[in-house]
Amino acid sequence: MHPRCFAGICIQGLIDDEEEGQCNDPQCQLFHLTEEQRNNASQINGFYRQNICNIQNCKITNCRYLHPGWAKDYCVQFFQTRCKNKCNNHLKWNAIKTQVYEKYDIQGLNPEMLCIKLDCKCQKHLPNIEDFCIDYFKGICPQIECSKKHVFWEELKSNRKLQFEEPKLKPCSQQNLQNQSQLNENNTFIQVMIDEQELKRMHKVLQQQNIIDIIFIMDCTKTMDRWIQQCHLQMDNIIQNFRNKNKQYITRVGFVGYRDIIIKKQQSMIKLDRKSLLSQNDNIEQMDFQILDKNHVVFHDLTDKIELIKEFVKQQKAFGGGDEAEDIVAGIERASQLNISKHQDSVLITFLFADSPCHGKQYHDIDDDDFMDKVPPNTLENLMKRYRKIKNNNFFFCSRISAKTDKMFKIMKSVFPEVSITDHLTPEDFPNLVKFSLDQSFSKISKSQLNKPLEIKAQSIKSKYIDYNCITLEDRKKYWKDFTKICQSQDRINNTTLKINQNPEKLLENEDGVNSYIFKVFDVMNNQNLVIKIPKKIVEEYKQKEQNLQKENSNERVKLSEETIIEAQKFSQQRFTSQTVAKQLAQIYREKVKNLNGAPPIFYVSPMLYTLSEPFYGLNHIYAESFINLPNIQWKKYSNNAQYTNPDFYYYSSFSHFTYEETGNQFLITDLQGKLNIFSDPSIQSADSYNKHLNNDITNFNQQGIANFFFNAHQKCSFICQELNLTNPLNIAEQVNQNELDSTQWDFNDSQELSIICETCDEYQQIKQIDYLNDLHKKCSQCKELENVMHQVQCSCCKEYFRTPQNQQIRVGTMIGKCENCKVNCRQTNLICLYCKMNCKLKVSSETIEGKQIYLCKEGKKYLSSLKCMTCNSQYSFDKILDPRYYEIGFYRCKKCD
C-alpha cells in the first residue's frame, strides 16, 4: 500500500530509473518524477500538484488521481504542465496555496504547519485533534485502515461533526463486542426462522388431521358391470354433498379395481374366466390376456380432484372372473399401499363391493376355486389386522351382494370389529349406501387427546456423506479403514430442542423393535421426525425404580446404575456407527445398480446421536434415526446375520456381497430388514479388529459371521452380483456359471411410486422412477427450491459476512451461522486471540513478542500495526506486548522511549 501523496505518480518509474523516474511502458499516463523532485515538491493540505486529476467533472470509476473540492476552481493543466488555452482560471501553484490556506485554515493553521510532538507548548497544536490522523492530513499515512480517523482537512473545516465520528480501525476486543451484538441479532433471526419452520410443521399436521380419505375397492369382473356404472355416475354427487357438510375437512378419494388371477392351464394357452369366454361379444386377443395377467389389479391414488377418479372408473371395463373366487386380498393389499394420509389422527373410510369371496377354502363354501388349497392360513386375517392399524379413525364397509361372501365377511369382522356389513343390495342402492355409511362413520370420529410431548434441549450429532473416489483395491481398503475416523471429524453438530412422545409406540409383533422401545420425536433444529430406540431392559429397569420411588413417596429422580448407563452408551454408539456405515455403502451401491433392471435402490435411514440437557428414561445419551412413515407397509426381514436369506427377495443379498468386496474384505453387512427398500438396523460382520464400536455389537460374529453368509445365506450369486463383477470368495478361481445364478428380480413398474430418502435433507419421499433416474433422490424438489433462497449471515466464528441458503441449512441440519471455511477448518482449535478471545483458526495466528508466543487475530494485528509511539511517533513494530488496558485505548510507547 502507498500513501495518497503517490496518487498520479508512476511508482514503477521511481523504482526502475532513479535519475529520470521513467518506466518502460510507453503508454503510461502517470507523472514520472525522480525521488528528489518528489521530495522537493510543495503541497497544499496534503495534495501535491501531480496528485490532482486534470479532467473536469471526472467520471472515471478507478481514476488514479485525486479530486479535492477546491481544484475545480482552477485550471489543473496550467499548474501541472502549462495550459495553451486561454482559460480564465490560470493561477500558479503557490498563488493557489495562499487562497486555499485562507479558505480552509483552522485557527490560522493548515496540515503542513501542525506539530506532532507530544507535551509540546508551541502554538501549532489544535485542541481535540488527537482522534485524527495528522499524517493523513499531510497525505503521508500508509495505512488504509488506521486507529485514527482518516478525513481530508477540508472536510474537517466544513463539517465539525466529523470530530465525533468513530475511527475506522478499533481494538479487536471492541469489534468483537459489536460483532457479538450483531451475531445475537442474527441468532434471533435464525430462531425466528426455526419457529417459522415449526409453525409450518404444525400447520401441516393440522392439515393432515383434517383429511378424510375415502377408498372404493371394487370387483371389476363381468357380473359387477352395473355397480361400476353406478360408481361412475353417482360418485361426484355423493362426494360433493359430503364435502358441503364437512367443509373444514379435505376429502380425498381413491379407487382400486381387482379381477382374478389369470393362470396357464396348458402350454399353448392362457385361461381367462369362463364368463368372458362364453360371451359372444368378447373378442379379446391372446396378447390382451397377457397384459391382463400383469395388471389384474388397477388403482388410482387418493386425490381431491374427483373428476380424475370419475374418469378412471369410467375407463374400467367389466370382464374376467375365471373361477368363482376372486383375488380380493390383492385389492385390499393395494388399497393399503395408496398415499393414505400419514397422520395417525386423520380419517380413513373404505368401501368393499364384492359378489364373490376371496381364494382359499377357509374363506368360503364354494367348489369353484383354482387356489382352494394354496392360500396360507391367516392370509386374509393378517391383512385385515394391518389395515386396521393404519388409522385410529378407520371405518370399513362391506356390501353383501350375495350370500357367497358371508363366511369371508365374518372372518374379516372377527379381526377388524369395526367392519360394517350391509345386506341385500342392488346397484341402484349404491348412492344411498355410500351416503349413509359416510354420515355414520363421520359421527363416530373421535377427537384424539394427544399427550403433550416432553421438550428437552439437546446437542445433536449427525453424520454426512463422505466423498468417495476410490478406484483401486488399495484405495478402497484405506478409505474404509479410516472411514469412522473421517466421519467423526466431519459430523454435523447442532444445538436443538427435542419434542419427545413420552409413551412408547405400539409395534406389530414381527416389526423391528422387539428388543427396544421406540419413542417418536421431533427435532426442531434439524426439522426431522425421528424415533428414539432404547433397549427394553433399560426402560423396564427405569420403570421398576420409578415404581419403587412412588411407593416410598419419594421425589427423587430415578437414577440408573453406572453399568446400565455405560451399556446404553455402547448401544447408542454401536447403532450410530453401523447405520452410518450402511448408509454410505447403500449410496455407493445405488450408483452402481442405478440403471440395472430388477435391482432395487437401497436406502438406510439416517442416524443421530443426542446429548440431552436432562435425562430421558435415565439416559443423557440416546440414539435416534429417521422415522419410516409407512404405517400401511409391513416390516420385513430379508436376511439375518446367521444363514438365512428370504428366497423371494434373494436379490437383496447381492448388496451384502457387494459390501464385502467394496470394503476390501474388511466387513460385510447382513440382517437386511425394513419397509420396502428403506432399511434399518444392519448387523455388520467385521474383521476382529476393524472397529471397537462394531465389536460391541452382540450380533457381530466377526469372521464366523462372514463365513456364515457365503456358506449358507448366499451360496450362489444373484444376477446382480454378476453384473457388478463380484467374486465368490469360496471359489475365486472358478467363473460363476450362468446356471448357478439366482435370477429373482425386484418387481417394479413405471407407474408405481418409488420410496426414497433424499440424500440432502434425509426426508422420506415417494417419487416416480423417472425422477429417480434423473437424480431427484440426491436433492428433492423442496431442497432445490430452498437452496435458491439466499440470506446474508455473519459467521459466528470468523465474524465475516457470507451468503448462504439458510432455510436449506435448517432443513438439512448443518451448522447454521458458520461459513464453509470455518465448518471445515475451525474444529477443536486452541488458538485464542489475546485481546478479543476469537478462536477462529483462519483468523488467529501466533506471534513471538518479547520471547513469548502469543496469539492475535487479523484485526488485532492490523490495529496494533496502526499504533504509533506516544513520544517519538514511530510505528508499532511488535517489540512489546501491550497490556489489554493500554491496548483498549491505543496507548503505546516503544522500547526506546519507555
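Residues numbered from 1 in each chain as written. Predicted model: local features only at pLDDT ≥ 70, side-chain atom pairs only at ≥ 80, totals over all residues. Heavy atoms only, no water.

Draft legend 1. Representation of the overall build of the protein chain in the model. Across its full length, the protein chain holds 28 helices and 28 strands. Counting only residues that meet the buried cut, the protein chain has 52% of its 898 residues in that class. Pairs at least 24 residues apart make up 64% of the contacts formed inside the protein chain by residues separated by at least 6 positions. Carbon together with sulfur atoms contributes 47% to the accessible area of the protein chain, which is approximately 45900 Å² in total. (Helix = DSSP H or I, 4+ residues; strand = E, 2+ residues; numbered from the N terminus. Buried < 20%, exposed > 50% of the residue type's maximum accessible area, 1.4 Å probe, protein only. Contact = heavy atoms within 4.5 Å. Areas by Shrake-Rupley, 256 points an atom, 1.4 Å probe, with all protein chains shown as cover.)

Draft legend 2. Main features of the pattern of salt bridges. A full pass over the atoms with the stated rule returns 23 salt bridges. Residue Lys 533 pairs with Glu 625 through a salt bridge whose shortest N-O separation is 2.9 Å. A residue pair is termed long-range when its members are at least 10 positions apart, and Lys 533 in strand S14 (residues 528–535) and Glu 625 in strand S17 (residues 619–626) qualify at 92 residues. Exposure class is identical for Lys 533 and Glu 625. Each is buried. Across the pair Glu 850 and Lys 895 runs a salt bridge whose closest N-O atoms are separated by 3.8 Å. Of this pair, Glu 850 sits in the loop between strand S27 (844–849) and strand S28 (852–857) while Lys 895 sits in the segment after helix H28 (884–889); the two residues are 45 residues apart in sequence, bridging distant segments of the chain. Classification of Glu 850 by relative accessible area gives partly exposed; the value is 44%. Each member of the salt-bridge network shares a partner with another, and the members are Lys 533, Arg 575, Glu 625 and Asp 681. (Salt bridge = Lys/Arg side-chain N within 4 Å of Asp/Glu carboxyl O.)

Draft legend 3. Highlighting the packing of helix H19 (residues 653–662) against helix H21 (residues 702–713). Contact pair H19 / H21: the axes reach a minimum separation of 12 Å and the direction vectors enclose 135°. By the angle between their directions, the pair H19 and H21 is classed as oblique. Once H19 is placed against H21, the crossing between them reads as left-handed. The segment H19 lies against H21, with Ser 653, Ser 656, His 657 and Tyr 660 engaging Ile 706, Phe 709 and Phe 710. (Axes fitted to C-alpha atoms, helices over the stretch in contact; angles between N-to-C directions. Parallel < 35°, antiparallel > 145°, perpendicular 65-115°, else oblique. Left-handed = near helix turned anticlockwise from the far one by under 90°.)

Draft legend 4. Structural context of the pairing of strand S4 (residues 250–258). Within S4, 8 of the 9 residues are buried, leaving the element largely enclosed by the surrounding structure. Sheet analysis places strand S3 (residues 211–219) next to S4, joined by 9 bridges and oriented parallel. Its bridge partner lying in S4, Ile 215 is registered against Gly 254. (Pairing = 2+ DSSP bridges.)

Draft legend 5. Structural detail: the sheet that holds S17. An order of S11-S12-S13-S14-S17-S16 is seen for the 6 strands of this closed barrel, with the pairing classed as antiparallel. If you compare each strand with its neighbour and ignore which way they point, the axes differ by 40° on average. Where strand S12 (residues 492–500) lies against strand S13 (residues 516–523), 3 bridges are found, and the strand directions are antiparallel. When the sheet's bridge partners are listed, Leu 498 is paired in S13 with Asp 523. Sheet contacts for helix H17 (residues 536–551): S13, S14 and S17; angle to S14, the most-contacted strand, approximately 75°. Together, strand S11 (454–462), S13, S14, strand S16 (607–616) and S17 form the strand contacts of helix H18 (residues 562–593), whose direction differs from that of S17 by roughly 25°.

Draft legend 6. Spotlight on the sheet that holds strand S21 (residues 678–679). On the basis of which strands lie adjacent, the open sheet formed by 4 strands has the order S15-S21-S20-S18 and mixed pairing. Each of the sheet's edge strands pairs with one partner strand only, and the pair in question is strand S15 (603–604) and strand S18 (636–637). Of the pairings in the sheet, the one linking S18 to strand S20 (residues 673–675) comprises 2 bridges and is antiparallel in character. From the neighbouring strand, Lys 637 faces S20, where its bridge partner is Gln 673.

Draft legend 7. Local environment of H17. The terminal C-alpha atoms of H17 lie 23 Å apart, and with 16 residues this matches the ideal 22 Å at 1.5 Å per residue to within 8%. Within the sequence span of H17, burial applies to Ile 538, Val 539, Tyr 542 and Leu 549. The buried residues of H17 occupy one face: seen down the axis, they fall within an arc of 95°. Across H17 from its buried face, at more than 90 degrees, point the exposed residues Lys 537 and Lys 551. Packing partners of the buried residues in H17 comprise S13, S14, H18 and S17. (Expected span 1.5 Å × (residues − 1). Arc of directions from axis to C-beta.)

Draft legend 8. Inspection of the packing of helix H12 (residues 328–336) against helix H13 (residues 379–388) at higher detail. Between H12 and H13, the shortest axis-to-axis distance is 10 Å and the interhelical angle comes to 20°. One way to sum up the angle between H12 and H13 is to call them roughly parallel. Between H12 and H13 lies a crossing whose hand is left-handed. Here H12 contributes Val 329, Ile 332, Glu 333, Ala 335 and Ser 336 to the contact with H13, which in turn contributes Thr 379, Leu 380, Leu 383, Met 384, Arg 386 and Tyr 387. Of the residues in the contact of H12 with H13, the class split is 7 nonpolar, 2 polar and 2 charged. (Nonpolar A, V, L, I, M, F, W, Y, C, P; charged D, E, K, R; others polar.)

Draft legend 9. Examining the packing of aromatic side chains more closely. Following the criterion strictly, the structure yields 44 aromatic pairs and no others. Summarising the aromatic geometry, the rings of Phe 616 and Tyr 617 are spaced 4.9 Å apart at their centres and angled 80° between planes, so their arrangement reads as edge-to-face. What makes Phe 616 buried here is its relative accessible area of 3%. The class of Tyr 617 is buried, set by a relative accessible area of 12%. In textbook terms, an aromatic cluster arises when at least three aromatic residues are bridged by ring pairs, as seen for Tyr 589, Tyr 604, Tyr 638, Phe 649, Tyr 651, Tyr 652, Phe 655, Phe 658 and Phe 679. The ring centre of Phe 47 lies 4.8 Å from the NZ or CZ of Arg 4, which sits over that ring. One residue, Arg 82, lies across the ring of Phe 78, its end atom 5.2 Å from the ring centre. (Phe/Tyr/Trp six-rings, centres within 6.5 Å; stacked < 30°, edge-to-face > 60°. Lys NZ or Arg CZ within 6 Å of the ring centre and 35° of its normal.)

Draft legend 10. Main features of the environment of Leu 91. Within the secondary structure layout, Leu 91 lies in the loop between helix H3 (76–81) and helix H4 (93–104). Leu 91 gets classed as partly exposed once you look at its relative accessible area, which sits at 24%. Ignoring sequence-local partners within four residues, the contact set of Leu 91 consists of Tyr 74, Phe 78, Phe 79, Ile 96 and Gln 99.

Draft legend 11. Structural detail: the side chain of Lys 868. Residue position: Lys 868 is located in the loop between helix H27 (858–866) and H28. Taking the relative accessible area as the measure of exposure, Lys 868 reaches 16% and is therefore buried. Within the structure, Lys 868 has its side chain in polar contact with the side chain of Asp 135 (distance 2.5 Å). In contact with Lys 868, not counting residues within four places along its chain, are Asp 135, Asn 873, Ser 874, Gln 875 and Tyr 892. (Polar contact = N/O pair within 3.5 Å; in protein donor to acceptor, adjacent residues only side chain to side chain.)

Draft legend 12. Local environment of the nonpolar core. Within the largest apolar cluster, 52 residues are counted, with the highest numbers of intra-cluster contacts made by Trp 480, Tyr 604, Tyr 652, Phe 655 and Ile 720. Among the elements that take part in this core, H18 stands out by supplying 7 residues, more than any other. In contact with Ile 720, not counting residues within four places along its chain, are Tyr 589, Val 593, Leu 596, Gly 598, Ala 599, Pro 600, Tyr 651 and Ser 654. Core analysis: the next-biggest nonpolar cluster, separate from the first, contains 32 residues, Val 256, Leu 380, Leu 383 and Val 419 among them. (Core = buried A, V, L, I, M, F, W, Y, C linked by side-chain atoms within 4.5 Å.)

Draft legend 13. Expanded view of the environment of Leu 619. Examined against the element boundaries, Leu 619 turns out to sit in strand S17. In this structure the C-alpha to C-alpha distance between Leu 619 and Leu 560, which are 59 residues apart in sequence, comes to 8.0 Å. Sequence-distant contacts of Leu 619, defined by excluding residues within four places in its chain, comprise Ile 534, Ile 538, Leu 560, Ile 565, Ala 568, Leu 612 and Glu 614.

Draft legend 14. Inspection of the confidence of the model for the protein chain at higher detail. Averaged over all residues, the pLDDT of the protein chain is 79; the fraction at 70 or higher stands at 80%. Predicted confidence for residues 185–209 stays below pLDDT 50, and this span has 30 contacts to residues more than four positions away or in other chains. Under a pLDDT of 50 for its full length, residues 508–513 has, in the predicted model, 15 contacts with residues more than four places off or in other chains. (pLDDT = per-residue confidence, 0-100.)

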